[in-house]
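What follows is the residue order along each chain.
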Amino acid sequence: MLDKTYRPGEVEPKHYRNWEEAGAFAARPDSGEQPYTIMMPPPNVTGSLHMGHALTFTLQDILTRYHRMLGRDTLWQPGTDHAGIATQMVVERQMAAESLTRHDLGRDKFIERVWTWKAQSGGTITGQLRRLGASPDWARERFTMDEGLSRAVRKVFVDLYKEGLIYRDKRLVNWDPKLHTAISDLEVVQKEEKGHMWYLRYPVEGEAGRFITVATTRPETMLGDTGVAVHPDDDRYKDLVGKCVRLPIVGRLIPIVADEYSDPEKGTGAVKITPAHDFNDFEVGRRHDLAMINILDQDARINENAPAVYQGLDRFEARKKIVAEFEALDLLEKIEPHVLQRPYGDRSDVVIEPWLTDQWFVDAATLAKPAIEAVESGRTQFVPKHWENTYFEWMRNIQPWCISRQIWWGHQVPAWYGPDGAYFVELSEEEAQAAANAHYGKTVALTRDPDVLDTWFSSGLWPFSTLGWPDKTTALDRYYPTDVLVTGFDIIFFWVARMMMMGLHFMGDVPFREVYIHALVRDEKGQKMSKSKGNVIDPLNLIDKYGCDALRFTLAALAAQGRDIKLAESRVEGYRNFATKLWNAARFCQMNECRPVAGFDPATTREQLNRWIVGKVGDAAGRIGQAIESYRFNDAANAAYQFVWNTFCDWYLEFAKPVLQGADGPAKSETRATAAWVLDQILHLLHPFMPFITEELWSQLDDGRPQFLMSSRWPAPTIHDGAAEAELDWLVKLISAIRAVRAEMNVPAGARVPLQIKGASADTLNRLQVHRDAILTLARAASIQSVDTVATKGAVQVVVDEATILLPLADVIDLAQEKARLNKEIAKLSGDIEKVEKKLGNESFVAKAPPEVVAEQRERLSEWGAARFKLTEALERISSF
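Residues numbered from 1 in each chain as written. Predicted model: local features only at pLDDT ≥ 70, side-chain atom pairs only at ≥ 80, totals over all residues. Heavy atoms only, no water.

A. Region of interest: the packing of helix H20 (residues 608-629) against helix H22 (residues 666-686). Here H20 crosses H22 at 5°, and the two axes come no closer than 10 Å. Regarding the angle of H20 to H22, the classification is roughly parallel. Facing Asn610, Ile613, Val614, Val617, Ala620, Ala621 and Ile624 of H20, the residues of H22 in contact are Glu670, Thr671, Thr674, Trp677, Val678, Gln681 and Leu685. Broken down by class, the residue content of the contact of H20 with H22 amounts to nine nonpolar, four polar and one charged. (Axes fitted to C-alpha atoms, helices over the stretch in contact; angles between N-to-C directions. Helix = DSSP H or I, 4+ residues; strand = E, 2+ residues; numbered from the N terminus. Parallel < 35°, antiparallel > 145°, perpendicular 65-115°, else oblique. Contact = heavy atoms within 4.5 Å. Nonpolar A, V, L, I, M, F, W, Y, C, P; charged D, E, K, R; others polar.)

B. Fine view of the packing of aromatic side chains. Considering all chains together, one arrives at 44 aromatic pairs under this definition. Between Trp175 and Trp355, the ring centres sit 4.4 Å apart and the planes meet at 40°, which makes this aromatic pair tilted. Remark: Trp355 occurs in strand S14 (residues 353-362) and Trp175 occurs in strand S5 (residues 166-176); sequence separation between them is 180 residues. Judged by its relative accessible area of 4%, Trp175 falls in the buried class. Exposure remark for Trp355: the relative accessible area of 12% places this residue in the buried category. Between Phe600 and Trp677, the aromatic rings sit 6.4 Å apart at their centres with planes inclined by 55°, giving tilted as the arrangement. Within this pair, whereas Phe600 is found in the loop between helix H19 (569-591) and H20, its partner Trp677 is found in helix H22, the two being separated by 77 residues in sequence. Relative accessible area serves as the criterion here: at 15%, Trp677 is assigned to the buried category. An aromatic cluster is built from Phe157, Tyr161, Trp360, Trp401, Tyr417, Tyr423 and Phe457, whose rings are joined through pairwise contacts. We note Arg65 situated over the ring of Trp19; from NZ or CZ to the ring centre the distance is 4.6 Å. The residue whose ring lies beneath Arg171 is Phe361, and the NZ or CZ to ring-centre distance is 5.8 Å. (Phe/Tyr/Trp six-rings, centres within 6.5 Å; stacked < 30°, edge-to-face > 60°. Buried < 20%, exposed > 50% of the residue type's maximum accessible area, 1.4 Å probe, protein only. Lys NZ or Arg CZ within 6 Å of the ring centre and 35° of its normal.)

C. Looking closely at helix H3 (residues 84-96). The end-to-end C-alpha distance of H3 is 18 Å, a good match for the 18 Å that 13 residues give at a rise of 1.5 Å each. Against helix H4 (102-105), helix H5 (107-121), strand S6 (181-183) and helix H13 (455-459) lie the buried residues of H3. (Expected span 1.5 Å × (residues − 1).)

D. Layout of the side chain of Thr554. Take Thr554: it is sitting in helix H18 (residues 548-558). Among all residues touching Thr554, those that are not within four sequence positions of it are Leu567, Arg571, Val572 and Tyr575.

E. Representation of the pattern of salt bridges within the structure. Scanning the model with the defined rule gives 66 salt bridges in all. Arg7 serves as the salt-bridge partner of Glu10, at 3.2 Å between the closest nitrogen and oxygen. The closest approach of N and O atoms between Asp61 and Arg65, which form a salt bridge, is 2.7 Å. Of this pair, Asp61 and Arg65 both sit in helix H2 (residues 51-69), four residues apart, which is roughly one turn of the helix. Arg65 matches Asp61 in its accessibility class, with the two residues each being buried. (Salt bridge = Lys/Arg side-chain N within 4 Å of Asp/Glu carboxyl O.)

F. Representation of the pairing of strand S28 (residues 795-800) within the structure. Taken together, the six bridges between S28 and strand S29 (residues 803-808) define a ladder with antiparallel strand orientation. Across the sheet, residue Val798 finds its bridge partner in S29, namely Ile805. Between the end of S28 and the start of S29, which pair antiparallel, lie two residues, with Asp801 showing a positive phi angle near 55°. (Pairing = 2+ DSSP bridges.)

G. Looking closely at the sheet that holds strand S13 (residues 332-345). The sheet built from three strands is open, its strands ordered S8-S7-S13 with antiparallel pairing. Every interior strand has two partners, whereas the edge strands, strand S8 (211-216) and S13, have only one. Ignoring which end each strand starts from, the neighbouring axes of this sheet average 20° apart. Where strand S7 (residues 188-203) lies against S13, 13 bridges are found, and the strand directions are antiparallel. Bridge pairing in S13 links His196 to Pro337. Its contacts with the sheet place helix H9 (residues 315-328) against S7 and S13, and it is angled at close to 25° to S7.

H. Focus on the sheet that holds strand S10 (residues 244-246). One open sheet holds the four strands; their spatial order is S10-S11-S9-S12, and the pairing between them is mixed. Lying at the two open borders of the sheet, with one neighbouring strand each, are S10 and strand S12 (270-273). Strand-to-strand twist in this sheet, taken as the mean axis angle between neighbours without regard to direction, amounts to 30°. Alignment of S10 against strand S11 (residues 253-258), held across three bridges, turns out to be antiparallel. Paired with Cys244 across the bridge in S11 is Pro255.

I. Looking closely at the side chain of Asn303. As for its placement among the helices and strands, Asn303 is situated in the loop between helix H8 (279-288) and H9. Within the structure, Asn303 has its side chain in polar contact with the backbone oxygen of Asn294 (distance 2.9 Å). Among the polar contacts listed, one links the side chain of Asn303 to the backbone oxygen of Leu296, at a separation of 3.4 Å. Ignoring any residue separated from it by four or fewer positions in sequence, one finds Asn303 in contact with Asn294, Ile295, Leu296, Asp297 and Gln311. (Polar contact = N/O pair within 3.5 Å; in protein donor to acceptor, adjacent residues only side chain to side chain.)

Here is the structure:
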């Protein structure tokens, strides 16, 4: 017998251990079945499970478990990312506690220490994924620094270099002055700050007393200015184009150039150009062949390219000194308060500098062309479709991709330098040595490039490197291209696009047929979760409190396409109650001896109630499956919820109680077998969402099962009896209508009200007779009477099909009190509706508010309007008494 209470803390580890030890998650390449492949976005090896992980991996697991139950050869490819900077920082912090730096150890010893840390602590995230119920093929787990993937990285780098698609260049990068490395745009956090705009006057050479004023938020960079730009159509400055200004403090003559980058409506319309310290200025400098003068060192201190008095100063100390000097020279026109977005390193939390340095770059524009065409032609499709616009916007304006990083942990660049700085890019040091010897005509000493590759470079190869590339493996032939990538919108640029470019270039085909982009998980107020706000929700805490299945079902039920998830703990608690409802329904079936019957064929059922529920199982399986396949996870979860809670528990079991608790006979035997069969089908339908409770019930309800539930087939369509469906659906509709009226009118739960039926057809009268007992019990009716005429005074009418049902309520409820209650609720709703209508009528609000906020307000308006309409109807009913 099932325990009275479901205990997820005991059940979950037991079943996960059983599944994993039995190899139940493994792909079956020899099965002959159609493959279904998902590439797990590899979480950082330093990571711990957060709510974003919980969402994306829950959705991927739902897809995997569903397709596994369809009989597909499912491969959910797991693995972790070496997370270059993040991992190096973790280990360096440990060493700092020992008063050590990586330089104390040297590169080789430091790398050994990182590998030691990885072996001891790097499995945290994969252990937490197991707690989430994730079912990837763990035997195939990969790591972006394992030997196979490292070989793939080297080959891709060398091949792209030899094709002219990787090159070394001096360009601007995001430079982290604390970590001493270039970082990607994804690792830069923009923070809004209150700063200043300084207006500096530059003297026009040869025109005494004439100045051109430029505005800047970073006055220290003026030491590296090599030009001033004005718009070619700006009449204020047309006569100055081609002339020069004398750069204050430095004394350098710099040209005034005409460039459309300058906005006549912004500031003074004249822009100081510092090509070595601003990304936009860099492009202007290239267009006009301006000098590029780097005035900062790797610590963001002023270097030897500035006047001696500033050399060695921190950039912000130099700023104060420069502003003071401009003021002393009477060249500071004014200072204004200014709100700006300042870039910070997401790990170092220091201000990032655009810095001119030699780095390795990928010709991303060339690689992007086939990746753009693949989405345009539909070979890869985004879901929701509008995300392809984000993809196109970035890909069509793509810049050279800086792939080198000045750290030690990662894939070291396979390039070796000769004595004169010439470099040799090869797969191995031996091949580089041979190339160098041929180049110089003698043996020379080589030095390997110390840089490592951007983490996104290796993860961009993930869909094919994990399957054995560059070797031609059977796994690669079978599982590439993959079916779908599930990920967040924030890495469309950084990961999705790069996998598209690399997959098309090296495999000749797209890496995935579909890309499902899910939304963010926010707190219950719609705020982004952050430690500083104190609103971070730990998924592991929720699992401990409510069970894994409750969290998974909550995330699926809220995962509507294009809408961020507002997660409240109360929702998780509510779906924990759903799990309890399922458990109690199974206990009820078990107590009433509803046991699975070997060979039971639902198509042979004869009882109308049983034929009705068998058809409903097929309908539910179809709706849930279709919703999962179209990535409408919320619709799938809600369809499952409605079928289990409403159709099965609230209706079928209630209708079946008199049979199950009555005398033995064929009807009782059939109903027992049908109830057990339906419960089994429910376990199948819920399993992708709630794997643990369903597997537990599957094993307990019949201990002779030959296989796990997760390995069983998804329910197939069965009989659909139109007559049974029409009759039982009518019964549900009738009782629901009566219950709704009772609820609207605040009829006491214990009050039994007579029902009067007018205008009923012969079929309806027959149904009323057949289902009389069920109606009396479930609608809490005192009697059922068919009448030709009725006194409507004091009665509420409700129409069900052709018949009118009247409930005499004058003697059951306090009419004056109900009128007052309804008027009060209508007034409150009207006030709320008026506020939202006013907000939505404000064009400024609609233009500035995030789209999801506007959508939420409109949805709320719709819900409140419907609620007010129902209350108004109820008030009108009472007023007619």
